[in-house]
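The lines below spell out each chain.
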Amino acid sequence: MPASRADKGRRGIAWLAIAAVATIPVVAAAASPLQRGREFLWVIGGMAGVVALSLLFVQPLLTATAPVLMPAARGLRWHRWGGIAIVATVGLHIGALYAYSPEDVMDALLLVAPTPFSLYGVISLWCLVLTAVLAAARRRLRLSHRNWRIAHSVLAVAIVSAGVVHAILIEGAMEEISKLMICIAALTATTVGALEINVLGPLRRRRNLQRA
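Residues numbered from 1 in each chain as written. Predicted model: local features only at pLDDT ≥ 70, side-chain atom pairs only at ≥ 80, totals over all residues. Heavy atoms only, no water.

Caption draft 1: Quick look at unusual backbone geometry. Of note, Leu111 is a non-glycine position whose phi angle comes to about 60°, a positive value. Residue position: Leu111 is located in the loop between helix 5 (102-109) and helix 6 (116-141). In this structure, Arg142 takes a positive phi of about 55° despite not being glycine. Within the secondary structure, Arg142 sits in the loop between helix 6 and helix 7 (145-169). (Helix = DSSP H or I, 4+ residues; strand = E, 2+ residues; numbered from the N terminus.)

Caption draft 2: Here's a closer look at helix 6. Given a rise of 1.5 Å per residue, 26 residues ought to cover 38 Å, and the 35 Å separating the end C-alpha atoms of helix 6 matches this to within 8%. The axis of helix 6 is deflected most strongly, by about 45°, at Ala135. Listing the buried residues of helix 6 in full gives Ser118, Val122, Ser124, Leu125, Cys127, Leu128, Thr131, Leu134 and Ala137. Contact partners of the buried residues in helix 6: helix 4 (72-100), helix 5 and helix 7. Arg142 occupies a position one or two residues after helix 6 and carries a positive phi of about 55°. (Expected span 1.5 Å × (residues − 1). Bend = angle between axes of the 7 residues up to and from the residue. Buried < 20%, exposed > 50% of the residue type's maximum accessible area, 1.4 Å probe, protein only. Contact = heavy atoms within 4.5 Å.)

Caption draft 3: Looking closely at the nonpolar core. One finds Ile18, Leu53, Phe57, Val58, Val90 and Met174 to be the most contacted residues of the largest nonpolar core, which totals 33 residues. Looking at this core, the elements that each hand over two or more residues are helix 1 (2-30), helix 2 (40-58), helix 3 (61-64), helix 4, helix 6, helix 7 and helix 8 (176-211). No other element matches helix 2, which puts 7 residues into this core. Setting aside residues no more than four positions away along its own chain, Leu53 makes contact with Val164, Ala167, Met174, Ile182, Cys183 and Ala186. (Core = buried A, V, L, I, M, F, W, Y, C linked by side-chain atoms within 4.5 Å.)

Caption draft 4: Examining the packing of aromatic side chains more closely. In this structure the tally under the stated criterion is 0 aromatic pairs. Across the ring face of Trp42, the terminal group of Arg38 is positioned such that the distance to the ring centre comes to 4.3 Å. (Phe/Tyr/Trp six-rings, centres within 6.5 Å; stacked < 30°, edge-to-face > 60°. Lys NZ or Arg CZ within 6 Å of the ring centre and 35° of its normal.)

Caption draft 5: Just the packing of helix 7 against helix 8, in detail. At a minimum axis distance of 10 Å, the contact between helix 7 and helix 8 shows a crossing angle of 165°. Relative to helix 8, the element helix 7 is oriented roughly antiparallel. By crossing handedness, the relation of helix 7 to helix 8 is classed as left-handed. Facing Arg149, Ile150, Ser153, Ala156, Val157, Val160, Ser161, Val164, Ala167 and Ile168 of helix 7, the residues of helix 8 in contact are Lys179, Cys183, Ala186, Leu187, Thr190, Thr191, Ala194, Ile197, Asn198 and Pro202. Of the residues assigned to the contact of helix 7 with helix 8, the class counts are 13 nonpolar, 5 polar and 2 charged. (Axes fitted to C-alpha atoms, helices over the stretch in contact; angles between N-to-C directions. Parallel < 35°, antiparallel > 145°, perpendicular 65-115°, else oblique. Left-handed = near helix turned anticlockwise from the far one by under 90°. Nonpolar A, V, L, I, M, F, W, Y, C, P; charged D, E, K, R; others polar.)

Without other data, these values stay purely geometric and don't point to any function.
Written as structure tokens, this is what we have:
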């Protein structure tokens, strides 16, 4: 019992730290003076992008840290809901910005926008769309668990890498230090998570089987 309570306590502290890292950039962006006087759609679109970036940090932790921070089955369930939430917030980000300025968004989607950050945003978007399509059609495509895991991990790293560059290049409502913090955290969590799921975890299991 004491060990179980200690584990729960450590998990609680870890998740509080994760929640703080994910929440601080959102709160800082919402409190930015640049939000004053802006149109509602611009604010909603921008804040949806900030929330999506924070979700990208939390998403790999739901599976790659199992069972340390969360039981595997529960982590997988939350990971699926997290994926839906990321797709929804990115959709809101693009939809609100399109309603605010259709020409700018169409230029970005057609890769003719003069701003470099647009290109990285579109790369991240299409990698996210491909991930969602593969997830929905996985059974029809008869993707093995191993092939799905590898494809999902590669696309996840691409989504986060391009999304991070997109966020860093934008000079907007996000506070610089908290933006850098969440970008580094998201990229680190995704990269380490991909290595854990595809390389380190399988190696550990193989060694344990050999020892047994």
